[in-house]
Structure formats: structure tokens, C-alpha cells
Amino acid sequence: MNYQWYPGHMTKAKRMMEENIKLIDIVIEVLDARIPMSSRNPDIDTLGKNKSRLILLNKSDLADEKKNQLWKEWFQEKGFFVAEINSRTGTGIRQINQVVKLACKEKIERDRKRGILNRPVRAMVAGIPNVGKSTFINSYAKKACTKTGNKPGVTKGKQWIKLGKEIELLDTPGILWPKFEDQTAGFRLALTGSINDDILNVEELAAEFLKFMKETYPGVIEERYNIKEDSIKEKDLKKIDGIETSENIVYNIEQIAKVRGCLLKGGSYDIKKASRQLIDDFRSGKLGRITLDTPPASVDCLME
């Protein structure tokens, strides 16, 4: 599958961010903790150059705890301030004010020396679609300031949100970049819901996810669905919805269909429904805490 999705409103959203960045003291970038690298838009680094930066690892409760820590350390080494949060439950939200003040300490001190007192820190909240930006803002502000949803593209325009006298937030629509150079990133974005499900081949997505799980989290699929991951020898390629994949992967999806009662008329397996079940179980955390991205051993600072 070629994972691409860049509707026209995203061009407009990027232009809006470019026009407003001069008003901003700090860029708060919301990432999906399950895919911290894949959910980073490189455009935000360009837009936020010379601004204080705060990375929020959202949905951290769904991500591998050990990898959360590795990612936190990795971003800190690159010069970012970092916080783990769960915007849905509010976990980690209370620490944000202090982190923002720390990140903007030099700016606040400059204002004080110039006699500018009590000017609120202005923060732009940025991120790709469906990483939980709006849910974070509502949790942070302790009120429903923005629309939320489990589909990408809910936020349509900018809006300023006052958080008392100290901080003002500028919410912006989520933007993806026009082309994924790495299709692995595209796969991971699709799997976590940042690309509209209506344009995806769920059978192929499920097959790729099963391959990843067998390699990275062996035994999890067996335990969840009471099937055997290596029930047959992987010898021949087999087609699933016209896409060639290993015979064993197809067999695993068929077994999930059987266990979950995903059957068509006549008793044949409903592969599409079983694939959707597998993806939904990952997204909801029913498969456990899973992280798809692993921190690079050595990468040049993304801010440079």
C-alpha cells in the first residue's frame, strides 16, 4: 500500500501556522507515544526554529513503558523539553505549566527586565491529525474548548484559548506532510489512525501489523486470540485481498476470524472484519502497551 494523504485543507493549515508563528513563544508538539518519530512532522521543526520547544508524548498509557522512557531521554538529548501525558484521563497534565515556564524562562526574564510584567506566555499547539491535540487542550484548560473526535481532521481553524493570566494557547489544525519518504512511517500512521481509514486497505494493514507483532512482541497475538502464531510452515506466498503475503500471516488472520466469529454467509472467513478487529484491538490497548517506533541509536538533532 502506498500511504499518502494530503487534502487541500492541510496546505491552508500550514500557511496559517507560518503566519502566526511570530506571535508565539513556545511550540508545544503533541506526538503519539506509540510512534514518536513517525508522528513528527518535519515542517514543525522548520516553523518552530528559534522557539522554545516542548514535546508531549500523548497516549503514553498505550505505549510500551520502557520505550516511553527511552524516547523521553532521546528527545531531551536533542534539546527538547519532554513530558509524558494521557490527555484522555488527565495524567501528566498538571506538570505542563511548570514545564512551559521552565522552557520560557529566558523569555520571561527578558520581559521582566524590560518592565513587561504579567504578559502571558503564548504557546502554539501543533501536531499531526489524531494524536490527541484537542483532547489535550480541553484537559489542560479544564473545559471543552475544542471539538474532539477519533477521526483525523476534526480541528478546522485556529483558535486562541486563555488559561488564566499566565498562558495562552493557539490551537491549529493537524497537518501531515505531502509525501512520506519512508513508507514504514506511513504504515505506522495508518495503524494508529492518523490517516483516514476510509482510504486504507485494512487487510494489508493487518497483515503488516501481524508481521511486526511476531517480530517485536512475540506471543502477544497468541495470548489475545488463543491461536498459534507459527501454526503452519511459512513456505509459499498467499494473496490476501490481492496482496501477496506469507501463508502463515493469512492463516493467522483466518484463525482470528474463526475465534471472533467473523464469518461470511456459507461459513467462509470474513478477512476484512477480522482485520478491522485486530487493528481496533491495537488502537484501544487491548493487545497491551505497544510502541511501533524505536529510538535511533544516533541521529543528528532534528532542530538543526
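Since the structure is predicted, the reported quantities are computational estimates derived from the model, not experimental observations.

Caption draft 1: Layout of the overall build of the chain. Along its length, the chain carries eleven helices and eight strands. In the chain, which comprises 304 residues, the proportion classed as buried is 52%. Counting only carbon and sulfur atoms, one obtains 47% of the accessible surface of the chain, whose full area is about 15,200 Å².

Caption draft 2: How the structure looks around helix H4 (residues 96–103). Regarding H4, the residues found buried are Ile96, Val99, Val100 and Ala103. Down the axis of H4, the sector holding all buried residues measures 100°, keeping them to one side.

Caption draft 3: Spotlight on the environment of Arg260. Inspection of the secondary structure assignment puts Arg260 in the loop between helix H10 (247–259) and helix H11 (271–284). In this structure, the C-alpha to C-alpha distance between Arg260 and Lys273, residues 13 residues apart in sequence, is 9.5 Å. Residues in contact with Arg260, not counting those within four places in the same chain, are Arg224, Tyr225, Gln277 and Asp281.

Caption draft 4: Quick look at the packing of helix H8 (residues 202–216) against H10. At a minimum axis separation of 10 Å, H8 and H10 run at an interaxial angle of 105°. By the angle class used here, H8 and H10 are roughly perpendicular. Across the interface between the two elements, Glu203, Ala206, Ala207, Leu210, Lys211 and Lys214 from H8 touch Asn248, Ile249, Asn252 and Ile253 from H10. Its residues placed into classes, the contact of H8 with H10 shows five nonpolar, two polar and three charged.

Caption draft 5: Broad picture of the sheet that holds strand E2 (residues 52–58). An order of E3-E2-E1-E4-E6-E5 is seen for the six strands of this open sheet, with the pairing classed as mixed. Among the strands making up the open sheet, the edge pair consists of strand E3 (81–84) and strand E5 (159–163). On average, each strand axis in the sheet is inclined to that of its neighbour by 25°, with strand direction left out of account. Pairing between strand E4 (residues 121–126) and strand E6 (residues 167–171): five bridges, direction parallel. Residue pairing across strands places Val125 opposite Asp171, the latter belonging to E6. Packed on one face of the sheet, helix H6 (residues 133–141) meets strand E1 (26–32), E2, E4, E5 and E6 and runs near 160° to E6.

Caption draft 6: Layout of the packing of helix H7 (residues 183–192) against H11. Running from N to C, H7 and H11 point in directions that differ by 85°, and their axes come no closer than 9 Å. Here H7 lies roughly perpendicular to H11, going by the angle between them. Contacts between H7 and H11 involve Ala190, Leu191 and Thr192 on the former and, on the latter, Ile279, Phe282 and Arg283. Along the lines of polarity and charge, the residues of the contact of H7 with H11 split into four nonpolar, one polar and one charged.

Caption draft 7: View of the nonpolar core. With 58 residues, the main nonpolar core has Phe136, Leu169 and Phe209 as its most contacted residues. When residues in this core are grouped by element, the largest group, eight residues, is from H8. Beyond its immediate sequence surroundings of up to four residues, Leu169 is in contact with Ile28, Ala123, Val125, Ile137, Tyr140, Gln159, Trp160, Ile161 and Leu163. Leu31, Leu57, Phe75 and Val82 belong to the second-largest nonpolar core, a separate cluster that totals ten residues.

About the criteria used
- Residues numbered from 1 in each chain as written.
- Predicted model: local features only at pLDDT ≥ 70, side-chain atom pairs only at ≥ 80, totals over all residues.
- Heavy atoms only, no water.
- Helix = DSSP H or I, 4+ residues; strand = E, 2+ residues; numbered from the N terminus.
- Buried < 20%, exposed > 50% of the residue type's maximum accessible area, 1.4 Å probe, protein only.
- Areas by Shrake-Rupley, 256 points an atom, 1.4 Å probe, with all protein chains shown as cover.
- Arc of directions from axis to C-beta.
- Contact = heavy atoms within 4.5 Å.
- Axes fitted to C-alpha atoms, helices over the stretch in contact; angles between N-to-C directions.
- Parallel < 35°, antiparallel > 145°, perpendicular 65-115°, else oblique.
- Nonpolar A, V, L, I, M, F, W, Y, C, P; charged D, E, K, R; others polar.
- Pairing = 2+ DSSP bridges.
- Core = buried A, V, L, I, M, F, W, Y, C linked by side-chain atoms within 4.5 Å.

Everything listed is a geometric property; what it means functionally is a separate question.
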